[in-house]
Amino acid sequence: MVKKVFFYFDTNKVANPFDLLLALDADYDIVLPYAGVTEENVEYIINNSIFARDKEGLKNTVIMVGGDLDASERIFQKLKRMLRPPFQMSVVLDPSGACTTAAATIAKIEKLAGGANGIRGKSVTILAGTGPVGQISAILLRNLGAHVTITSRSKDKAAKVASKLSDEVRGKVKGAQGNLTNERCESCKDASIILATGAIGAQLLDSESLKKLKPGIIADINAVQPYGIEDIKLDMDGETLNGAKALGACAIGDLKNLVEKRILKKALEETRFFDYNDAFMLARELTK
Ligand code: NAP
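Residues numbered from 1 in each chain as written. Predicted model: local features only at pLDDT ≥ 70, side-chain atom pairs only at ≥ 80, totals over all residues. Heavy atoms only, no water.

(A) Structural detail: the site of the ligand. The immediate surroundings of the ligand are formed by 18 residues, with T130, S152, R153, K157 and G198 found nearest. One nitrogen or oxygen atom from the main chain of R153 is found 2.8 Å from an oxygen atom belonging to the ligand. Separating an oxygen atom of the ligand from a backbone N or O atom of I200 is a distance of 3.3 Å. Relative to its free-state accessible area of 930 Å², the ligand is covered by the protein chains to the extent of 72%. (Near = heavy atom within 4 Å. Polar contact = N/O pair within 3.5 Å; in protein donor to acceptor, adjacent residues only side chain to side chain. Areas by Shrake-Rupley, 256 points an atom, 1.4 Å probe, with all protein chains shown as cover.)

(B) Helix α5 (residues 98–112), seen in detail. Taking 1.5 Å of rise per residue, 15 residues should cover 21 Å, and α5 covers 21 Å from first to last C-alpha, within 8% of that figure. Among the 15 residues of α5, 13 are classified as buried, and the element is accordingly described as predominantly covered. (Helix = DSSP H or I, 4+ residues; strand = E, 2+ residues; numbered from the N terminus. Expected span 1.5 Å × (residues − 1). Buried < 20%, exposed > 50% of the residue type's maximum accessible area, 1.4 Å probe, protein only.)

(C) Region of interest: the pairing of strand β7 (residues 173–177). As judged from the five bridges shared by strand β6 (residues 147–152) and β7, these two strands associate in the parallel manner. Its bridge partner lying in β7, S152 is registered against Q177. Of the crossover connections in this fold, the one passing from β6 over helix α7 (residues 155–169) to the parallel β7 is right-handed. (Pairing = 2+ DSSP bridges. Right-handed = clockwise from strand over helix to strand, strands pointing away.)

(D) Fine view of the packing of aromatic side chains. For the coordinates displayed, the defined rule picks out seven aromatic pairs. Seen from their ring centres, F6 and Y28 are 5.5 Å apart, and the 65 degrees between their planes marks the pair as edge-to-face. Taken as a pair, F6 in strand β1 (residues 5–10) and Y28 in the loop between α1 (17–25) and β2 (30–34) lie far apart in primary sequence, 22 residues in all. You'll find F6 and Y28 in the same group, each marked buried. Seen from their ring centres, F7 and Y34 are 5.9 Å apart, and the 40 degrees between their planes marks the pair as tilted. (Phe/Tyr/Trp six-rings, centres within 6.5 Å; stacked < 30°, edge-to-face > 60°.)

As structure tokens, then:
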């Protein structure tokens, strides 16, 4: 029986155990974590792996690239150039869990909005949207036709990240300063959907502001108190909070884990490259 091998390439100094554990739960036999992976040293790892496994072995070898968003994307693109027939393996991109987390979040928001038409043309504000999860969420929402604004504590960073995202989606993503409460409220004033994607423990929207803003849907992916949205509960899955349908971090996280396990299984069935679009398709299927 050919062993199912999961390579985890992390651009950070320490390989994140999260994805290794999920791979074991997705029935891989062996997980091999590599930390500090770069565009340069990835060649060494690949060139010393592909010749060790025969055709069946390569089909049963899957790489996940994680860590920093931009560095992971560059490694993912490099692997696309390197892994040519007959030396092909599946590669999954999921930097800081951003592809699977954003996919789960947006699929759940889409369902609450009554389908894709409930998002197209709507204004969405992503509070602290400059991190990996915020950025991939912005891309998915823009691709669904939403008018997206991302905030940052820094005006320059908001503008820089929004400009990078606008190039990627070939449409406008707006950047706004959201350091102070009144700045974040200003950026949310037209939003029918507000998504909080801030770092752990950063509260971005208080209950009084939420009552005044009256969005239709709110979602918060921060699972560590204080949460990104005041008074939200981790397991909220469409229940109402201050007039808005709410999604809490664990309701999103449960779907994220399912999506990731599904992708890892699919990567053994189909040898190819998987990114946030694949994660979103699977998240949509799982929310039907
Ligand atoms: P991240 O990069 O750590 O942080 C996102 C943004 O938060 C940063 O770009 C930063 O933006 C802002 N920020 C940092 N410290 C802040 C502070 N003290 N006050 C206000 N804003 C601050 O986050 P990520 O990796 O994208 O993940 C986002 C969140 O999702 C995290 O809370 C993470 O734990 C959570 N997460 C949840 C799940 C789930 O299943 N529910 C899965 C994965 C991740 P600026 O510097 O531009 O202001």
